[in-house]
Amino acid sequence: MLRRPHAAPLAAWASLARLQFGVLPIATLLLLASTRGSYAEAGAATAAYGLAVGLLMPLRARAADRWGHDRVLVAFSLLNALGIAAVVALASGPLWLLVVVSLVAGSLPAPVGPVVCSSWHDIVDGDDDLLRR
């Protein structure tokens, strides 16, 4: 399947883009816990981020379908970077503000999964057997 045109770069970039979903929560938790001195407060902010990521992914995927994958991926990637920078900048600020900013930042990750699924469908040209693999 990776021999298909554009398949190998898509797989590589998709893997790289999805790393944030595994690395960012633990990195944020450890940063906030060391800054604030409380795993409970760090967990509240990290949970707010994760909750927003999960609940709002369908809306971000719909935006990608409506306004185009390239435009939405770039816009959400830049906005997500700004949101994460804001969380880091407010790491020692008031807890309520940190949780609110974490919720906002969590609403901004690029919809990598849905875009990649859609792109795989285009790459395999409707071959359902190949798509299942």
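As a reminder, the structure under discussion sits directly above these lines.
The structure contained in this document is the topic of the report that follows. (Residues numbered from 1 in each chain as written. Predicted model: local features only at pLDDT ≥ 70, side-chain atom pairs only at ≥ 80, totals over all residues. Heavy atoms only, no water.)

1. Here we look at the packing of helix α2 (residues 39-67) against helix α4 (residues 95-106)
It is the contact of α2 with α4, at a shortest axis distance of 7 Å, that shows an interaxial angle of 25°. When the axes of α2 and α4 are compared, the pair comes out roughly parallel. Judged by the twist between their axes, the crossing of α2 over α4 is right-handed. Listed contacts from α4 to Glu41, Ala44, Ala45, Ala48, Tyr49, Ala52, Val53 and Arg60 of α2 are Leu95, Leu98, Val99, Ser102, Leu103, Ala105 and Gly106. A per-class count over the contact of α2 with α4 returns 11 nonpolar, two polar and two charged. (Axes fitted to C-alpha atoms, helices over the stretch in contact; angles between N-to-C directions. Helix = DSSP H or I, 4+ residues; strand = E, 2+ residues; numbered from the N terminus. Parallel < 35°, antiparallel > 145°, perpendicular 65-115°, else oblique. Left-handed = near helix turned anticlockwise from the far one by under 90°. Contact = heavy atoms within 4.5 Å. Nonpolar A, V, L, I, M, F, W, Y, C, P; charged D, E, K, R; others polar.)

2. Some words on helix α3 (residues 69-89)
Since the α-helix advances by 3.6 residues per turn, residues separated by three or four positions end up pointing in the same direction. Taking 1.5 Å per residue as the helical rise, α3 with its 21 residues ought to reach 30 Å, and the 30 Å between its terminal C-alpha atoms agrees with that figure. For α3, the complete set of buried residues consists of Val72, Phe76, Asn80, Gly83 and Val87. Burial along α3 is one-sided: seen end-on, the buried residues are contained in an arc of 65°. Facing away from the buried side of α3 by over 90 degrees, the exposed positions are Asp70, Arg71, Val74, Leu78, Leu82 and Ala89. Contact partners of the buried residues in α3: α1 (7-36), α2 and α4. (Expected span 1.5 Å × (residues − 1). Buried < 20%, exposed > 50% of the residue type's maximum accessible area, 1.4 Å probe, protein only. Arc of directions from axis to C-beta.)

None of the figures reported here should be taken as evidence of function without further support.
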